[in-house]
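# Residue-level structure breakdown
Single-letter residue listing:
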Amino acid sequence: MERNGLRIGTLFGIDIRVDWSWLLIFALVTGNLGSAFAAMHPGWPLTLRWIIAIVAALLFFGSVLAHELAHSLVAKAQGTPVNSITLFLFGGVANIQEEPDSPVKEFFMAILGPVTSLTIGGVLLLLANLSAGTMVASVSDPMAMIEGLGPVVTLMLWLGSINVFLGLFNMIPGFPLDGGRVTRSIFWALTDDLRRATTWAMWIGQGVAWLMITAGIFAIFGVEVPIVGRGLLNGLWLAFIGWFLSNAGFRSYQHVVVQDILGGIPVSRMMRRNPPIVSPAISVEAFVYDRVMQFDDYGFPVVDNGQLVGIVTLDDVRAVPRSRWAALSVRDIMTKAEDLIVVAPDEDAAEALHKLASSEVRQLPVVEEGELVGLLRRRDIVRWLEVTGEMESPLGLGGT
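Residues numbered from 1 in each chain as written. Predicted model: local features only at pLDDT ≥ 70, side-chain atom pairs only at ≥ 80, totals over all residues. Heavy atoms only, no water.

## A short note on the packing of helix 2 (residues 46-77) against helix 3 (residues 103-132)
- Helix 3 packs onto helix 2 with a crossing angle of 145 degrees between their chain directions and a minimal axis gap of 8 Å. In the packing of helix 2 onto helix 3, the handedness of the crossing is right-handed. Of helix 3, the residues touching helix 2 (which contributes Ala-66, His-67, Ala-70, His-71, Val-74 and Ala-75) are Phe-108, Met-109, Ala-110, Leu-112, Gly-113, Pro-114, Thr-116, Ser-117 and Ile-120.
- By residue class, the composition of the contact of helix 2 with helix 3 is ten nonpolar, five polar and no charged. (Axes fitted to C-alpha atoms, helices over the stretch in contact; angles between N-to-C directions. Helix = DSSP H or I, 4+ residues; strand = E, 2+ residues; numbered from the N terminus. Left-handed = near helix turned anticlockwise from the far one by under 90°. Contact = heavy atoms within 4.5 Å. Nonpolar A, V, L, I, M, F, W, Y, C, P; charged D, E, K, R; others polar.)

This is the structure:
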């Protein structure tokens, strides 16, 4: 089990993970399908209905995985690292490490996901209709015809329809959905300004999100909403998706703004010079009393004769029983220098922030020719953004 979900395998060098929230949506999809198949095929045995429901739910999430793989493989082909794909409550997300560096790359990376879903859906619907012998949508009583379909054809018909819906839904111009990213790529190409393009795409996305939230509220109070219908559950689900989209869009915008602000700023501008250091030879007990209790830092560089030999953190101390503090030295519990991610003083602060985020650490030693010249913490970057006053967002939320 890892922080980003349970790793279930690897495809094309990309870790495939499942978040615990996926179990909830899997159960909901399976339950709804079991009920739907009971209504459409009353003659099917109970066991068959639930087997087909489980298979359909698994294949649906396989389709979501194919959608995310399309994004990821395009990103990798363009030279952008992709660490993992995680299936979760709202479908799936590819952990693409960097923003595309051109609108053309953004366009193709975004569009290939919906194209993949629409292609899968179209092929399955075609096969289902060919197997049925006639076009289901063209008969006078499609429900009566569906009742006579076998399990495989029913499965193809449902899976094809849901993939078409998945492809069309993702093309809604609501950033950061695929359609929103396609929209941003167009604005980016027209303005040659990623930050402005992101702002415009984000505002469109916020409009779409609040439209969903409003429609969900109306559905809760009995108003018939196209496609969604009405009722408490349908309304809450639609409003929840709108709320999620609104928050995701704003977070994506903030990420782009921060990267734009930090781009070209050297780490030396915001690093902490002369941070408190510790010798590898002192005991853990001395380290706790002389450093941990005297400073509010989380991690402390370990230096020997001016050379960085490691870093020791509060978590390292917590992993040691209190009774052994006097017997162990900092050298025994520290993370060695060769295992650390470091930055240079002239390195781009945007790249340093990316390293902090991707490695899930709170600080990076700043090293020049093996010598420690400073420490860059997450809080230092946040503080620099606050001091420069450039974190004012278009939604009126300041950086503090």
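More follows now that the structure is in view.
## Observations concerning the pattern of salt bridges
- As enumerated under the stated definition, the model contains twelve salt bridges in all.
- A salt bridge links Asp-15 to Arg-7, with the shortest nitrogen-to-oxygen separation between them at 3.1 Å.
- Classification of Arg-7 as partly exposed rests on a relative accessible area of 41%.
- Owing to a relative accessible area of 18%, Asp-15 belongs among the buried residues under this scheme.
- Residues participating in the shared-partner salt-bridge network are Arg-272, Asp-297, Arg-377 and Asp-380. (Salt bridge = Lys/Arg side-chain N within 4 Å of Asp/Glu carboxyl O. Buried < 20%, exposed > 50% of the residue type's maximum accessible area, 1.4 Å probe, protein only.)

## Topic: a negative patch on the surface
- On the surface, a cluster of negative charge is contributed by Asp-346, Glu-368, Glu-369 and Glu-371.
- Tracing the chain through its elements places Glu-371 in strand 9 (residues 371-377). (Patch = residues over 30% accessible without salt bridge, like charges linked within 9 Å, V, L, I, M, F, W, Y side chains within 5 Å. Areas by Shrake-Rupley, 256 points an atom, 1.4 Å probe, with all protein chains shown as cover. Lys, Arg positive; Asp, Glu negative; His and termini not counted. Charge placed at Lys NZ, Arg CZ, Asp CG, Glu CD.)

## Quick notes on the pairing of strand 1 (residues 6-11)
- Both strand 1 and strand 2 (residues 14-18) contribute to a ladder of five bridges, which runs antiparallel. Each bridged residue has a counterpart across the sheet, and for Thr-10 the counterpart in strand 2 is Asp-15.
- Between strand 1 and strand 2, which pair antiparallel one after the other, the connecting turn spans two residues, and Phe-12 there sits at a positive phi close to 55 degrees. (Pairing = 2+ DSSP bridges.)

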